[in-house]
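# Structural description and commentary
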Amino acid sequence: MSKGYLIAHLTVTNADLYAEYGKAAEAAVKPFNPKIVAWTGQYENLEGEAHHEHMIFEFSSFAEAKRFYYSDSYQAAKKLRAQAATGTFVLVEGVE
C-alpha cells in the first residue's frame, strides 16, 4: 500500500490564534502517528504563491491521510487556522 502525504504551505496572519491552532492540530494528528518529513526550516520559493511555513506529513496510506484531514478533531482545528493563516493543503499518494 502506498503512503499518503499531507503537504501544507501557510502564511500566518495572526500568531496568537495560530498558536491555538497548532495545539489543536497536534492533538488531532497524534492518533494518526504520521512521520514528519519536513517542517519549515530553510526553503526557496521557486514558482507560484510564496508562503512562510511548509510541512510534509507521511501517513501509512492516502486513505489514512484523508481520514485525518476530514476527522472531526482536525476540522475543529481547521476553523482556528482559517482565522490565523492562509495557505494551501494538498494530499498526495506516494509511489510505493
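### Some thoughts on the side chain of Glu64
Within the secondary structure, Glu64 sits in helix α2 (residues 62–69). Taking the relative accessible area as the measure of exposure, Glu64 reaches 18% and is therefore buried. Among all residues touching Glu64, those that are not within four sequence positions of it are Phe32 and Phe59.

### Considerations on the pairing of strand β1 (residues 4–12)
Each regular strand displays side chains that alternate between the two surfaces of the sheet. By the bridge criterion, seven bridges tie β1 to strand β3 (residues 53–59) in an arrangement that is antiparallel. If you follow Leu6 over to β3, its bridge partner there is Phe57.

### Structural notes on the pattern of salt bridges
Applying the stated criterion across every chain yields a total of one salt bridge. A salt bridge links Glu64 to Arg67; the nearest nitrogen and oxygen atoms lie 3.1 Å apart. With a gap of three residues between them, Glu64 and Arg67 both fall in helix α2, about one helical turn apart.

### Some words on the layout of surface pockets
Looking at the largest pocket, its volume works out to about 380 Å³. Lining the largest pocket are 18 residues, with Ala25, Glu26, Val29, Trp39 and Phe57 sitting closest to its centre. Breaking the lining of the largest pocket down by element, the ones donating at least two residues are β1, α1 (15–29), β2 (35–39) and β3. Ranked by the residues each element gives to the lining of the largest pocket, the list is headed by α1, at six residues. Split into classes, the residues belonging to the lining of the largest pocket amount to 14 nonpolar, one polar and three charged.

### Here's the deal with the sheet that holds strand β4 (residues 85–93)
Across the sheet, which stays open at both edges, the four strands sit in the order β2-β3-β1-β4 with antiparallel pairing between neighbours. Looking at which strands have only one partner, the edges of the open sheet turn out to be β2 and β4. When strand polarity is set aside, the average angle formed by the axes of neighbouring strands in this sheet is 15°. With nine bridges connecting them, β1 and β4 associate as antiparallel partners.

Cut-offs and rules
- Residues numbered from 1 in each chain as written.
- Predicted model: local features only at pLDDT ≥ 70, side-chain atom pairs only at ≥ 80, totals over all residues.
- Heavy atoms only, no water.
- Helix = DSSP H or I, 4+ residues; strand = E, 2+ residues; numbered from the N terminus.
- Buried < 20%, exposed > 50% of the residue type's maximum accessible area, 1.4 Å probe, protein only.
- Contact = heavy atoms within 4.5 Å.
- Pairing = 2+ DSSP bridges.
- Salt bridge = Lys/Arg side-chain N within 4 Å of Asp/Glu carboxyl O.
- 1 Å grid on protein atoms, 1.4 Å probe; cavity = no way out; pocket = protein on both sides within 12 Å on 5 of 7 lines; lining within 4 Å.
- Points joined across faces, edges and corners; volume = space filled by probe spheres on them.
- Nonpolar A, V, L, I, M, F, W, Y, C, P; charged D, E, K, R; others polar.
- Axes fitted to C-alpha atoms, helices over the stretch in contact; angles between N-to-C directions.

Everything listed here is a matter of geometry and, on its own, says nothing about what the molecule does.
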